[in-house]
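# Reading the structure
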Amino acid sequence: MRTFALAFVCAVSSLQTAPRRCYKARRRHATPDDDDNAKWSVDVDEFAERIESAKAAVVGGLAASIAASPAEFLTHTNNIAQFEFDVDQISIAGALFGLVYRYAVRRDNNPQLRQGVVGAFAITRSVAIVRVSDECLAVPLRCGPPLSYLDYAMLGQLVSGLLVSGVAFAAAAAAVDAGVDRGWLKRFP
């Protein structure tokens, strides 16, 4: 898996030089009416940014799935198919997280912003995986103790989801940040 990721990053990096030359040539020959980059406040090479976003998605997906695998395996020892599905799901969510994280954080060193992006993804995923107990009554939702709206089984699912998702998305954030620190990835301007 690691070899595939390294090969992908190397292949994508080599593709970046040709589009940059094309972009610079396009800009040299542009007329005043050609306003293909007016939506950005800075000069942005959109093709290169798409490549960087793809790399961030791959890094985020791999890191999230690797980080979540041990906890998912312990949760689903009797159902390997469910384990595989859950790891695939967190991988897709991690890829989307990598994209959003790259754009949200940019060059800002605000730790609350970084933690907020991780928290938003973790809360959204953990709430989405909670299944309502059979004992619950509808309209308004009443499930019994301890909170009436959430019973113990639902609270357990929520806490478990928060822990697994928090670890997975924190690992994805750390992997994207490490990629930026090493020069493998670039933040959006």
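Predicted, not measured: the structure shown is a model, and the values here were computed from it. (Residues numbered from 1 in each chain as written. Predicted model: local features only at pLDDT ≥ 70, side-chain atom pairs only at ≥ 80, totals over all residues. Heavy atoms only, no water.)

## What to know about the side chain of Asp-151
Here Asp-151 is to be found in the loop between α5 (111-128) and α6 (152-182). Buried within the structure, Asp-151 lacks any salt-bridge partner; its nearest side chain of opposite charge belongs to Arg-142, at an N-O separation of 12 Å. A distance of 3.3 Å separates a polar side-chain atom of Asp-151 from the backbone nitrogen of Ala-153. Those residues in contact with Asp-151, other than ones at most four positions away along the chain, are Ser-133, Glu-135, Cys-143, Gly-144, Pro-145 and Pro-146. (Helix = DSSP H or I, 4+ residues; strand = E, 2+ residues; numbered from the N terminus. Buried < 20%, exposed > 50% of the residue type's maximum accessible area, 1.4 Å probe, protein only. Lys, Arg positive; Asp, Glu negative; His and termini not counted. Salt bridge = Lys/Arg side-chain N within 4 Å of Asp/Glu carboxyl O. Polar contact = N/O pair within 3.5 Å; in protein donor to acceptor, adjacent residues only side chain to side chain. Contact = heavy atoms within 4.5 Å.)

## With respect to the state of the cysteines
Per the stated rule, a full pass over the model turns up 1 disulfide. Note on cysteine connectivity: Cys-136 is disulfide-linked to Cys-143, with sulfurs 2.0 Å apart. When the S-S torsion is 120 degrees, as for the bridge of Cys-136 with Cys-143, the disulfide is right-handed. Both residues of the pair, Cys-136 and Cys-143, count as buried. (Disulfide = S-S within 2.5 Å.)

## Side note on the pattern of salt bridges
A complete count under the given rule lists 6 salt bridges for this structure. Of the charged contacts in the structure, one is a salt bridge between Arg-114 and Asp-177, with a shortest N-O distance of 3.0 Å. Remark: Asp-177 occurs in helix α6 and Arg-114 occurs in helix α5; sequence separation between them is 63 residues. Classification of Arg-114 as buried rests on a relative accessible area of 17%. A salt bridge links Arg-187 to Asp-177; its shortest N-O distance comes to 2.4 Å. Taken together, the residues Arg-187 in the segment after α6 and Asp-177 in helix α6 connect sequence positions 10 residues apart. On the accessibility criterion, Arg-187 (11% relative accessible area) is buried. Salt bridges sharing partners connect three or more residues here, namely Arg-114, Asp-177 and Arg-187.

## Points about α5
Relative to the 26 Å expected for 18 residues at 1.5 Å per residue, α5 spans 26 Å between its end C-alpha atoms, a close match to the ideal helical length. Buried residues of α5: Arg-114, Val-117, Val-118, Ala-122, Arg-125 and Ser-126, and no others. With its buried residues spanning 150 degrees around the axis, α5 presents them on a single face. Structural note: α5 exposes Gln-112, Ile-123, Thr-124 and Ala-128 on the side pointing more than 90 degrees away from its buried face. Packing partners of the buried residues in α5 comprise α3 (46-75), α4 (80-105) and α6. Capping the start of α5 is the job of one residue whose side-chain oxygen sits 3.0 Å from the backbone nitrogen of Gln-112: Asn-110. (Expected span 1.5 Å × (residues − 1). Arc of directions from axis to C-beta.)

## Overview of the packing of aromatic side chains
For the structure on display, the rule yields 6 aromatic pairs. Both rings, one in Phe-97 and one in Phe-121, keep their centres 5.1 Å apart while their planes meet at 90 degrees; by these two values the pair is edge-to-face. Placement of Phe-97 in helix α4 and of Phe-121 in helix α5 is noted, with a sequence separation of 24 residues between them. By relative accessible area, which is 0% here, Phe-97 ends up buried. By way of ring pairs, the aromatic residues Phe-97, Tyr-101, Phe-121 and Phe-169 are connected into one cluster. Directly above the aromatic system of Tyr-103 lies the positively charged group of Arg-102, at a separation of 5.2 Å from the ring centroid. (Phe/Tyr/Trp six-rings, centres within 6.5 Å; stacked < 30°, edge-to-face > 60°. Lys NZ or Arg CZ within 6 Å of the ring centre and 35° of its normal.)

## What about the environment of Gln-89?
By secondary structure assignment, the location of Gln-89 is in helix α4. On the basis of relative accessibility, which here comes to 30%, the residue Gln-89 falls in the partly exposed class. Distance from Gln-89 to Gly-61, taken between C-alpha atoms, is 9.6 Å for residues 28 residues apart in sequence. With residues up to four places along the chain from it excluded, the contact list for Gln-89 reads Arg-125 and Ile-129.

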